[in-house]
Amino acid sequence: METVVEAAGIGKKFGNLSALKDISFQIGTGEVFGFIGPDGAGKTTLFRIITSLMIPDEGKIKVLGHDPVTEFEEIRKHIGYMPGRFSLYQDLSVEENLRFYATVFGTTLEENYHLIRDIYSHIEPFKKRMAGKLSGGMKQKLALSCALIHQPRLLVLDEPTTGVDAVSRSEFWDMLKNLRQYNITIVVSTPYMDEAMRCDRVALIQDGQLLQIGSPGTIRDGFSRKLYSVTAPEKYKLLLALKSFAGTESVFPFGDSVHLTLKEGVTVQAISDYLEKSGVVGVTMRETNAGIEDRFLELMNRK
Amino acid sequence: MRTILYLIRKEFLQIFRDKFIGKAIFAVPVVQMLILVPAVTFEIRRVNLGIVNQDMSAESRTLVSQLEGSAFFKIRNTSFQEAEGRDWLHRGDCDLVVHIPADFGRELGKGNPVKIMVAANAINAVNAQLSWAYLNGVIRDYNLDILAQNPGKSSYLPMATQPGSVLKSEIVTPIAIGAKSDIPDLKSEIQNPTSDIPQIQVTNRYWYNESLNYKYYMLPGILGILVLAIGFVLAGLNLVKEKESGTIEQINVTPVKKYHFILAKMFPFVVIGMIDIAIGLVIGKLVFGLPFAGNLGLLFLGSFIFMVAVLGLALFISTFSDTQQQFMFTAFFFMIIFILMSGIFTPIDSMPVWAQKLDMINPAVYVMRINRMVLLKGSTFNDISGDLLMLSVIAVAFTGLAVNRYRKTA
């Protein structure tokens, strides 16, 4: 597998703040590679470096075999970038935006229509509408179409699903999957842990540092302890009680339930006794499989 | 090439899609011309004059009627009381008060020099000096009349060197409420023609603007200001807007060349500027009867280079402005300096030397000169080639700075 992005020891500072520290990774051709991390983790900064919009302070990076600092012109011909913020011309129509980006990349809408057909067909009925008047999901589809129109070899998507409804998010990932047939490498970032499962490989990023890189399965399996899913009608009370329990290793809310890990040698019996004593009623407790989020929080706490 | 054409097309599309801007860029010059050309003038007309006449002789009445006959003065008040005259100035009823003393006619009849007193409101020093000069002219005429009517009188005046009657007048410290101490004294005396007869008759002809029509002077200058505002504000804001809305981020990762991008931003505004100049000229001709003494092609050439210079600077400023506010603040700073130092209102020659040196990089200076010389004087290419050259140097420099400073990376 050929390497599309290769980074070694990337660092970037804004004044005294280290946005990125010693970032190293490799992304291969055709991979869907996800950067998962909370807001402010450094995802956008990293993407701006990959897309040659920002120069790193430290480290080496190669994108499509070129250095983004010196050979940015070569890179810019072959990447499609979708910034986190909608940045197409709001006062141009859907079609005008698309044709504009096609021309800017020296191609035409007709020539590469096959690439975007699946995505563009959703918004084509509104092609005369101003881009600024589109809904969030439609804006996102247009932005993806514009990023794809020149058949890029590398597609960089910065939080493409933020602010988009759940159905559109799912649709969006289906579209990305379809792009595999064109052998387009996709680098995507998201704050949503559930989307990590849709990537081939993910990198967990926190405070400008990579915590772990691997396939979603590997990362999940890295979770080293038994994980319990605990529920009770009074979730907040349950959470407080578990936090005050001496045998608790980590506890955090997870959907309707609370995810709990216990310290070495603490039994399930001990915890249910404690909860009963604390006056938390209707407690159910069962072992569950760890998700990416559990692993992420485990790694975060360890740090 | 296809890319840059498409970029230009996109800019035009965006400008005219904005319903307000699309219309305003053509309406603004029309309104500006119609308002500014007749309104901005240094001509002084109908200065409010107050007369305190304590004399009431035939001689003083002649003087008053001569003042009345002048187009520059309008007699608002007359009185016998000196105190009232001061009141008029205080209240702002009159800008100029002429005080004729009680013995004016008698002394004049005896062939003695007499004095009248003139008080001027000098809050606006230029106005005061001009009114004073006009008044002086009337008094001088009056003096000459006295001399002409009494040709023989000089012989029986006691001193041969002081024949005839000489009017002396002086401006007293201007009376201005609240600003008394700030205003300089304007004191002068007319020591008038000592001799009656052989004297030099001055007839003058005003070249290039024979009727001294102030509009002809202002109009070519306003043509320059017109495109300055459009180019500077619109083009600069256009680029900053792309930054604010983030669209520039998307453009930056495309293979679009820096100079393509900058040129595509400039082109539409140059075209719009030229159309505005044409509109301005048509209004100048039809509404104000502006003469076109020279080749209009030269005027368009000058304005074209001027536009490029202005747009270059505007885009340069916008490359280091992150918000529209930052840009407007900086742009306003430059525009005010450019306009006020352009020579449209005040002659450049009377500015301090350092300011004149600074003005070398003010593109508005050259366009004012070119516009006026071409329209009023009929200057040829050779006459304005120096200005055109300087303007070109500035245009290339500013545009170069903009292209250079515009970064596709951070």
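Residues numbered from 1 in each chain as written. Chains lettered and ligands numbered in written order. Predicted model: local features only at pLDDT ≥ 70, side-chain atom pairs only at ≥ 80, totals over all residues.

1. Focus: the overall build of chain A
Item 1. Tallying secondary structure elements over chain A gives ten helices and 13 strands in all.
Item 2. Counting only C-alpha atoms and orienting by the principal axes, one finds that chain A spans roughly 70 × 45 × 35 Å.
Item 3. Within the span of chain A, comprising 303 residues, buried residues form 44% of the whole.
Item 4. Sequence-distant contacts in chain A: of pairs separated by 6 or more residues, those separated by 24 or more amount to 70%. (Helix = DSSP H or I, 4+ residues; strand = E, 2+ residues; numbered from the N terminus. Buried ≥ 20, exposed ≤ 12 C-beta atoms within 10 Å, placed from the backbone. Contact = placed C-beta atoms within 7 Å.)

2. A look at the overall build of chain B
Item 1. Of regular secondary structure, chain B possesses 14 helices and five strands.
Item 2. The 410 residues of chain B split such that 37% are buried.
Item 3. Taking all contacts inside chain B whose residues are at least 6 apart in sequence as the whole, residues at least 24 apart take part in 79%.

3. Examining the domain arrangement of chain B
Item 1. Splitting chain B by domain gives domain 1 (2-40 + 210-405) and domain 2 (47-182).
Item 2. The distance between the C-alpha centroids of domain 1 of chain B and domain 2 of chain B comes to 48 Å. (Domains from an automatic or database assignment.)

4. Quick word on the sheet that holds strand E4 (residues 58-63) of chain A
Residues and elements named next belong to chain A.
Item 1. Taking strand neighbours across the sheet as the criterion, the three strands line up as E2-E1-E4 in an open arrangement whose pairing is antiparallel. Either end of the sheet is taken by a strand with one partner, and the two such strands are strand E2 (17-28) and E4. Taking the axes of each pair of neighbouring strands and ignoring which way they run, one obtains an average angle of 15 degrees across the sheet.
Item 2. The pairing of strand E1 (residues 3-14) with E2 spans eight bridges and is classified as antiparallel. Its bridge partner lying in E2, Phe 14 is registered against Leu 17. (Pairing = 2+ DSSP bridges. Axes fitted to C-alpha atoms, helices over the stretch in contact; angles between N-to-C directions.)

5. Description of the sheet that holds strand E6 (residues 154-157) of chain A
Residue and element names in this part refer to chain A.
Item 1. Strand order across the open sheet formed by six strands is E5-E6-E7-E3-E8-E9, with mixed pairing between neighbours. Each end of this open sheet is capped by a strand with a single partner; those strands are strand E5 (79-82) and strand E9 (209-214). The average angle at which neighbouring strand axes cross in this sheet is 15 degrees, direction not considered.
Item 2. Across five bridges, strand E8 (residues 201-206) lies against E9 in antiparallel orientation. Looking at the pairing, Gln 206 lines up with Gln 209 of E9.
Item 3. Sheet strands touched by helix H10 (residues 292-302): strand E3 (32-36), E8 and E9. Its angle to E8, the strand with the most contacts, is close to 40 degrees.

6. Re the interface of chain B and chain A
Item 1. Contact with chain B, which involves 20 residues of that partner, is made by 25 residues of chain A.
Item 2. Among the secondary structure elements, those contributing two or more residues to the side of chain B that touches chain A are helix H1 (2-17) and helix H8 (247-252) of chain B.
Item 3. At seven residues, H1(B) tops the list of elements feeding residues into the side of chain B that touches chain A.
Item 4. Classifying every residue of the side of chain B that touches chain A by side-chain character gives six nonpolar, nine polar and five charged. (Nonpolar A, V, L, I, M, F, W, Y, C, P; charged D, E, K, R; others polar.)

7. Concerning H1(B)
Item 1. The terminal C-alpha atoms of H1(B) lie 22 Å apart, and with 16 residues this matches the ideal 22 Å at 1.5 Å per residue to within 8%.
Item 2. Residues of H1(B) that are buried include every one of B:Leu7, B:Lys10 and B:Gln14, and no others. In an axial view of H1(B), the angular spread of the buried residues amounts to 60 degrees, which keeps them on one side of the axis. Seen from the open side of H1(B), the exposed residues pointing more than 90 degrees away from its buried face are B:Arg2 and B:Leu5.
Item 3. Buried-residue contacts for H1(B) involve helix H3 (94-104) of chain A together with helix H9 (258-288) of chain B. (Expected span 1.5 Å × (residues − 1). Arc of directions from axis to C-beta.)

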